[in-house]
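If you want the building blocks of each chain, they are given just below.
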Amino acid sequence: MSDASRRGAVRDASVTVARDADGMVAVLTAEFPQHGGEYVFLPGGRREDGETPEECARRELREEAGVTAQTWLPLGSYAITLNSTARIHLFLAEGLTCGPQQLTPSEESFKLMWWPMPDAIRAATEGRFLLQGGPLALLLAQQVIAA
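Residues numbered from 1 in each chain as written. Predicted model: local features only at pLDDT ≥ 70, side-chain atom pairs only at ≥ 80, totals over all residues. Heavy atoms only, no water.

Asker: Would you mind going over the packing of aromatic side chains in detail, with residue names and values included?
Answerer: Going through the model one piece at a time under the given rule, you end up with 3 aromatic pairs. Consider the rings of Phe32 and Phe41, whose centres lie 5.8 Å apart with planes at 75°: the pair is edge-to-face. The pair formed by Phe32 and Phe41 is uniform in burial state, with each residue classed as buried. Where Phe41 meets Phe110, the ring centres are 4.8 Å apart and the plane angle is 70°; that geometry is what we call edge-to-face. Of this pair, Phe41 sits in strand S3 (residues 37-41) while Phe110 sits in the loop between strand S6 (87-98) and strand S7 (111-116); the two residues are 69 residues apart in sequence, bridging distant segments of the chain. There is no split in this pair, since Phe41 and Phe110 are both buried. By the ring-pair criterion, three or more aromatic residues cluster together here, those being Phe32, Phe41 and Phe110. (Phe/Tyr/Trp six-rings, centres within 6.5 Å; stacked < 30°, edge-to-face > 60°. Buried < 20%, exposed > 50% of the residue type's maximum accessible area, 1.4 Å probe, protein only. Helix = DSSP H or I, 4+ residues; strand = E, 2+ residues; numbered from the N terminus.)

Below, the structure written as structure tokens:
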């Protein structure tokens, strides 16, 4: 049995930089005791069966942040680790409409905040993000916005 078989199916993930008309970015925080404290992250998660990367990004943004978006721009797709074929798909979402979060029981501690892009990038450079997809998505989105 391969390592991938023991871990279950390899599933891609999507992460979204949701930026409102005022340039504020949807940021989530939660305690991760196994990693030593509170961390910052962007809305995102693993793809469900049959979903495209963008469908996954839309669902995760709606569930974790209560946000829907009119405009979606792919920012790239990257390997999650060297030992897996899973990829992380990054998006910039704009034209936002806010509603209630739709958190699962394992996400109940997620706190939604709206930060200026420079503050979110500063949190990334300070190592306050738990996973690498958020900082990469922020930097790529910043490049697109500045162009």
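There's more to say after this.
Asker: Account for the environment of Asp49, naming residues and giving values.
Answerer: Along the chain, Asp49 turns up in the loop between strand S4 (44-46) and helix H2 (53-65). Remark: the alpha-carbon pair of Asp49 and Arg11, spanning 38 residues in sequence, is separated by 8.6 Å.

Asker: How would you explain the sheet that holds strand S1 (residues 13-18) if you had to name every residue and give the values?
Answerer: Taken together, the 4 strands give an open sheet; going across it, the order is S4-S1-S6-S5, and neighbouring strands pair in mixed fashion. Of all the strands in the sheet, just S4 and strand S5 (67-79) have a single pairing partner and so form its edges. Taken over all neighbouring pairs, the strand axes of this sheet differ in orientation by 20° on average, direction set aside. Strand direction decides the pairing type here: S5 and S6, joined by 11 bridges, are antiparallel. The residue of S6 that forms the bridge with Pro74 is Phe91. Across the sheet, helix H4 (residues 133-146) lies against S1, S5 and S6, angled at about 60° from S6, the strand it touches most. (Pairing = 2+ DSSP bridges. Axes fitted to C-alpha atoms, helices over the stretch in contact; angles between N-to-C directions. Contact = heavy atoms within 4.5 Å.)

Asker: Lay out the nonpolar core with the relevant residues and their values.
Answerer: One finds Val17, Val25, Val27, Leu42, Met117 and Leu138 to be the most contacted residues of the largest nonpolar core, which totals 20 residues. When contributions to this core are tallied by element, the ones reaching two or more residues are S1, strand S2 (24-32), S6, helix H3 (117-125) and H4. It is H3 that provides the largest number of residues to this core, a total of 4 residues. The contacts of Val17, once residues within four sequence positions are left out, are Val25, Leu42, Phe91, Leu92, Ala93, Met117, Ala137, Leu138 and Ala141. Counting residues in hydrophobic clusters, the runner-up holds 11 residues, among them Ala57, Val67, Trp72 and Leu96. (Core = buried A, V, L, I, M, F, W, Y, C linked by side-chain atoms within 4.5 Å.)

Asker: Give me the sheet that holds S2: which residues, what numbers.
Answerer: One open sheet holds the 3 strands; their spatial order is S3-S2-S7, and the pairing between them is antiparallel. Because the sheet does not close on itself, it has two edges, and the strands there are S3 and S7. Taken pair by pair, the neighbouring strands of this sheet meet at an average axis angle of 35°, ignoring direction. Pairing between S2 and S3: 5 bridges, direction antiparallel. Paired with Leu28 across the bridge in S3 is Phe41. Taken strand by strand, H3 contacts S2 and S7, and its axis lies near 110° from that of S7.

Asker: I'd like a description of the pattern of salt bridges, backed by residues and values.
Answerer: One pass over the full model with this rule turns up 10 salt bridges. Residues Arg59 and Glu51 are paired through a salt bridge, measuring 2.6 Å at the closest nitrogen-oxygen approach. Taken as a pair, Arg59 and Glu51 share a single burial class, namely buried. Arg59 is paired through a salt bridge with Glu63; the nearest N and O atoms lie 3.4 Å apart. Taken together, the residues span about one helical turn, with Arg59 and Glu63 both in helix H2 at a distance of 4 residues. The class for Glu63 is buried, based on a relative accessible area of 17%. (Salt bridge = Lys/Arg side-chain N within 4 Å of Asp/Glu carboxyl O.)

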